[in-house]
Amino acid sequence: RLIASFARLCELAGKYGVRASLEPMPWVEISTVAKAKRIVKGTNGAVLVDAIHFYRADNSFEDLQGAPMRYVQFCDAHPGRPADVQEIIRQARGDRLFPGEGGLDLRGLLRALPGDLPLSLEIPVARKIEPFERAKQAMVATRRFLGE
């Protein structure tokens, strides 16, 4: 039923020029890239890979092969996978790090993804920074990381 419902959503969204993506997160039913691939197969939907969720769930670089993707959400995170689900959620929703500041293997992830896949920065941070300044810092950190 879930697969049929997602296919219908993709079909309806397509009529309005919208394309649906399914983002696996470790605390929900569709927690891995492999599960998301099964849902989007046969639809015009895509899998949305988010760096923090990718590393906080049971994913592998091999899971990315053949996954239809339109873009990736990019950020870094504190080293190690928290044992507590509530801490995973807290970090994901409000305590991410700029690329290159944390412990995620972002270079490995980028090597496993298609080279022309757009990066979207999703970096809610715990520190108090005005939105424009946060965007500037995110851009500088990302360019520095990608340039290294």
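Residues numbered from 1 in each chain as written. Predicted model: local features only at pLDDT ≥ 70, side-chain atom pairs only at ≥ 80, totals over all residues. Heavy atoms only, no water.

Engineer: Can you walk me through the sheet that holds strand β5 (residues 119-121) in this structure?
Structural biologist: Paired through backbone hydrogen bonds, the strands of a sheet run either parallel or antiparallel to each other. The three strands are arranged β3-β4-β5 in an open sheet whose pairing can be described as parallel. Each end of this open sheet is capped by a strand with a single partner; those strands are β3 (49-50) and β5. Pairing of β3 with strand β4 (residues 72-74) involves two bridges; the strand directions are parallel. Residue pairing for β4: V49 is matched across the bridge by V72. (Pairing = 2+ DSSP bridges. Helix = DSSP H or I, 4+ residues; strand = E, 2+ residues; numbered from the N terminus.)

Engineer: Quick question: what am I supposed to make of the packing of helix α1 (residues 2-14) against helix α2 (residues 33-40) here?
Structural biologist: A packed helix pair is summarised by two numbers, namely the angle formed by the two axes and the spacing between the axes. Packing of α1 against α2 leaves a shortest axis separation of 8 Å and a crossing angle of 65°. By the angle between their axes, α1 is roughly perpendicular relative to α2. Facing α1, whose interface residues are L2, I3 and F6, α2 presents R38, I39 and V40. Its residues assigned to classes, the contact of α1 with α2 comprises five nonpolar, no polar and one charged. (Axes fitted to C-alpha atoms, helices over the stretch in contact; angles between N-to-C directions. Parallel < 35°, antiparallel > 145°, perpendicular 65-115°, else oblique. Contact = heavy atoms within 4.5 Å. Nonpolar A, V, L, I, M, F, W, Y, C, P; charged D, E, K, R; others polar.)

Engineer: Can you walk me through the environment of P24 in this structure?
Structural biologist: Examined against the element boundaries, P24 turns out to sit in the loop between β1 (21-22) and α2. In the structure, P24 is positioned 25 residues away from V49 in sequence and 7.2 Å away in space, judged by C-alpha atoms. Discounting residues that sit within four places of it in the chain, P24 has contacts with I30, S31, T32, V33, A36, V47, L48 and H53.

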